[in-house]
Amino acid sequence: MSDWAVRALRLRRAYRTAAGTVRAIDSIDLEIPTGQRLAIVGPSGCGKSTLLSVIGCLEHADGGTLEVLGTDVASLGEEQRARWRRQNAGFVFQAYDLVPFLTATENVALQSGISERDNGVSPREMLAKLGLAGHQDKLPDQLSGGQKQRVGIARCLIHRPALVLADEPTGGLDTVTSRSVVDLLLEATAEIGATTIVVTHDPAVASRFERIVSLRDGHVVADSGADLAGAERAHA
Ligand code: ADP
Ligand code: MG
């Protein structure tokens, strides 16, 4: 297995709009060692979600090179990208994105069917493990925000993805709940050794991560782990 989960070089992604071209990601270099957990921060519109989507193969870059988990994902076609995502990536979203007419267990089971991978842990067990014993048969509407995000995390982790991508996972939660959701995310991703990228604009959330990458206008403007990455490369 490669030492690097992500190697992006001069990565670009632009959107053409009526008002002109928006360079959402404008030449980003980013290397993430396997198993690292990092936070991406920056003002609204700086390209955080776009970067996460490109790394997670939800969108493709339109310039530069991108290797994720040893695969040159830029060269994959639409269907191959979808397969790659199912096998390798887990997503957590700010708005939870649960299917409203399915129970917590069914929401997680749906994902485990999609990923076609048996983790050996049932959706019910996974939910219990994440603190939702007794809530497995509830609909999303019957759960609090923090509980819904625990379901979101269970759904993300049910197939033990090598890469976990979370976009503002605590954006809808109060401070105390946010803290416990981050605790859970850190614990659960450590257990499976998943490389984890969390987008947040909450400094309290970002400070929990071993590395913080700051974006502005589609560029990396600060990276607490840049030296570390360079040092590891020197040893490689
Ligand atoms: P962030 O997540 O940091 O708030 P985004 O990655 O969502 O930023 O967006 C970066 C820039 O790209 C913004 O200017 C945004 O308006 C633009 N953008 C994002 N997605 C699209 C899209 N699908 N079409 C047009 N512009 C987009
Ligand atoms: Mg965003």
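For the structure, check the block above.
Values in this document were obtained by computation on a predicted structure and should not be read as measured data.

(A) A look at the overall build of the protein. Of the regular secondary structure elements, the protein holds 8 helices and 10 strands. Whereas a compact globule of 236 residues would reach a radius of gyration of roughly 18 Å, the protein reaches 17 Å, a difference of no more than 12%. Seen through its principal axes, the protein has C-alpha atoms that stretch 50 × 45 × 35 Å. Looking at the 236 residues of the protein, the share that counts as buried comes to 48%. In the protein, 72% of the contacts between residues at least 6 apart in sequence involve partners at least 24 apart. A total of about 11,200 Å² of accessible surface is found on the protein, and carbon and sulfur atoms cover 49% of it.

(B) Structural context of the sheet that holds strand E8 (residues 195-199). The strand order E6-E7-E8-E3-E9-E10 describes an open sheet built from 6 strands, whose pairing is mixed. With one partner strand each, in any of the chains shown, strand E6 (89-93) and strand E10 (219-223) form the two edges of the open sheet. Each strand of the sheet is rotated relative to its neighbour by a mean of 20 degrees, with strand direction disregarded. Running over the sheet, helix H1 (residues 48-55) touches strand E3 (37-41), strand E7 (163-167), E8 and strand E9 (211-216) and is turned about 155 degrees from E7.

Criteria and thresholds
Residues numbered from 1 in each chain as written. Chains lettered and ligands numbered in written order. Predicted model: local features only at pLDDT ≥ 70, side-chain atom pairs only at ≥ 80, totals over all residues. Heavy atoms only, no water. Helix = DSSP H or I, 4+ residues; strand = E, 2+ residues; numbered from the N terminus. Rg over C-alpha atoms; globule rule 2.2 N^0.38 Å. Buried < 20%, exposed > 50% of the residue type's maximum accessible area, 1.4 Å probe, protein only. Contact = heavy atoms within 4.5 Å. Areas by Shrake-Rupley, 256 points an atom, 1.4 Å probe, with all protein chains shown as cover. Pairing = 2+ DSSP bridges. Axes fitted to C-alpha atoms, helices over the stretch in contact; angles between N-to-C directions.

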